[in-house]
Amino acid sequence: MGVVLRAANIVSTVMLVCGLLMWIRGPNGESALVVLNIALLLLMAAPAFWLMDAVAEELRAREWGFAALGIMTLALLCGSLIVALNG
Amino acid sequence: MPFSLGLLAAVMAGGALAGGLGSLLGIGGGVFLVPFLTLGLGIPIRPALATSLLTVIATSTAISSGPSRELINLRLGLLIAVATVTGSLSGAIMAGTLSSTGLYGVFAASTFAIAVVMLTRLDVRNVILDPDAQPGTLGARYHEDESGREIVYRIRRLPLVLGGSFAAGNLSTLLGVGGGVITVPLLNAWCGVPIRAAAATSAFTLGVTATSGAIIYYGRGDVVPVLAAAAVLGVKLGSLAGLRAGARANARGLKLLLALVLMVVSALMMRRAF
């Protein structure tokens, strides 16, 4: 869990710093906004990644009930995505 | 939305303060950031809520990948996450129908009541003194640096954990706060989880809960990338300081600070209600 989170944390932070610096150098720059949006999407994806990791850990331990809870939460996050896509 | 460098610096500084307190107490920090952005800087409520949820994810990620991760009770976190994300999803659906004034009033009253309970339980430690005792399916054990002991705890009042977590997730999306302001005191004061484990486990689930709300705000176009970036970077800096301070703070001090924060939050929310 730590590796995935640390990687997402570092990459999104670097991209946020770069995007913000690009925006400060040239406000309203399209490329700065693209970098910032990707960084924010990566940030939002991190908890889903570590949830998947937690599910894998419970499956390895044959703890089916807890694995099911994790899968249920992932399904609910997909529900949020559907609500978002439908406005 | 036009931004000056001064405004971005203010957002970053506010984020750092919110992140510091949020990671210290495991409550996310959104509870400080939303009033600061809206009342302090005049930023419209929806971009402020979206920004706040993104900073909650940043705090949660920082805590869950830092030294506190050993305190996370993963199984309890998975159980709580189902309730908080369900609450968050229902909060997103309810967002357009509820009176915000009434909601702020309920939130203010709840946080005040929780603060009072925390203050009455400052010296209560939710630990089992026998290190060989079994923690049960949802309980856990960990080594506490403060006392140098093996800490064992069991979960009590599971229906209360689930109901409170659902409410926390619901308010998280409606008010743009992490929800930890409810789950940490709930887990600690009523459900038998020591304060550090409650804060770490709550932080783990808050990231998932905030993601559910943030996705919806992002999809609706309420995320302002420049504003969010400044706040998230500020929060990340503040979180590092908060985590270092948290490692040295004692459990009683953390509870006292949390109770005081809840009192302040209650007063802020009451002000918005009337």
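Computed from a predicted structure; not experimentally measured. (Residues numbered from 1 in each chain as written. Chains lettered and ligands numbered in written order. Predicted model: local features only at pLDDT ≥ 70, side-chain atom pairs only at ≥ 80, totals over all residues. Heavy atoms only, no water.)

Novice: Help me understand a nonpolar patch on the surface, please; the structure alone is not making it clear to me.
Specialist: A contiguous nonpolar surface patch, about 340 Å² in accessible area, is contributed by A:Val17, A:Leu21, A:Ile24 and B:Leu5. Here A:Val17 shows up in helix α1 (residues 2-25). (Patch = residues over 30% accessible without salt bridge, like charges linked within 9 Å, V, L, I, M, F, W, Y side chains within 5 Å. Areas by Shrake-Rupley, 256 points an atom, 1.4 Å probe, with all protein chains shown as cover. Salt bridge = Lys/Arg side-chain N within 4 Å of Asp/Glu carboxyl O. Helix = DSSP H or I, 4+ residues; strand = E, 2+ residues; numbered from the N terminus.)

Novice: Can you walk me through unusual backbone geometry in this structure?
Specialist: Among all residues save glycine, negative phi is the norm, and among peptide bonds the norm is trans. Residues other than glycine seldom take positive phi values, yet A:Arg62 does so here, at roughly 55 degrees. Here A:Arg62 is to be found in the loop between α2 (30-60) and α3 (64-85). Overall, A:Arg62 belongs to the exposed group, its relative accessible area being 61%. In this structure, B:Arg157 takes a positive phi of about 50 degrees despite not being glycine. Summarising the element assignment, B:Arg157 is placed in the loop between β2 (149-153) and α6 (158-175). The partly exposed category is assigned to B:Arg157, whose relative accessible area is 45%. (Buried < 20%, exposed > 50% of the residue type's maximum accessible area, 1.4 Å probe, protein only.)

Novice: When you look at the packing of aromatic side chains in this model, what are you seeing that I'm missing?
Specialist: Per the counting criterion, the structure on display carries one aromatic pair over all chains. Aromatic side chains A:Trp50 and B:Phe204 sit 5.7 Å apart centroid to centroid with 40 degrees between the ring planes, which places their arrangement in the tilted category. With A:Trp50 in helix α2 and B:Phe204 in helix α8 (residues 195-219), the pair connects residues from two separate chains. Just as A:Trp50 is buried, B:Phe204 falls in that class too. (Phe/Tyr/Trp six-rings, centres within 6.5 Å; stacked < 30°, edge-to-face > 60°.)

Novice: Looking at this model, I keep getting lost on the side chain of B:Ser88. Mind explaining?
Specialist: On the secondary structure map, B:Ser88 appears in helix α4 (residues 74-94). Setting aside its immediate chain neighbours within four residues, B:Ser88 contacts B:Gly169, B:Asn170, B:Thr173, B:Thr209, B:Ser212 and B:Gly213. (Contact = heavy atoms within 4.5 Å.)

Novice: Even after reading the chapter, I still don't get the confidence of the model for chain B, so can you show me in this structure?
Specialist: In low-pLDDT segments, the atomic positions of the prediction should not be examined closely. In this model, chain B carries a mean pLDDT of 80, and residues with pLDDT of at least 70 account for 86%. Overall fold confidence (pTM) sits at 0.82, and the ipTM for the predicted complex is 0.90. (pLDDT = per-residue confidence, 0-100.)

Novice: Just to check I follow, could you spell out the pattern of salt bridges for this structure?
Specialist: One side chain can pair with another of opposite charge once the charged atoms of both are near each other. By the definition in use, this model includes two salt bridges over all chains. Salt-bridge contacts for A:Glu58 lead to B:Arg75; the nearest nitrogen and oxygen are separated by 3.3 Å. Of this pair, A:Glu58 sits in helix α2 while B:Arg75 sits in helix α4, on two different chains. What makes A:Glu58 buried here is its relative accessible area of 3%. With a relative accessible area of 24%, B:Arg75 lands in the partly exposed category. Put simply, A:Glu58, A:Glu63 and B:Arg75 are held in one network by salt bridges that share partners.

Novice: Can you walk me through the interface of chain A and chain B in this structure?
Specialist: Listed as interface residues are 40 residues of chain A and, on the opposing side, 45 residues of chain B. A combined buried area of about 3800 Å² lies between chain A and chain B, and 80% of that area is made up of carbon and sulfur atoms. Of all residues in chain A, A:Met44, A:Trp50 and A:Phe66 bury the most surface against chain B, accounting for 16% of the area lost on that side. One can count two salt bridges joining chain A with chain B. Taken together, the links from chain A to chain B amount to five residue pairs in polar contact (both at pLDDT 80 or more). (Buried area = accessible area lost by both parts, 1.4 Å probe. Polar contact = N/O pair within 3.5 Å; in protein donor to acceptor, adjacent residues only side chain to side chain.)

Novice: Just checking my understanding: could you explain the side chain of B:Thr38 for this structure?
Specialist: All names here are of chain B. Mapped onto the elements, threonine 38 comes out in helix α2 (residues 30-40). Judged by its relative accessible area of 13%, threonine 38 is buried. One polar contact links the side chain of threonine 38 to the main-chain carbonyl oxygen of valine 34, over a distance of 2.7 Å. Not counting the four nearest positions on each side in its chain, threonine 38 is found in contact with Ile43, Pro44, Ile45, Ala48 and Arg272.

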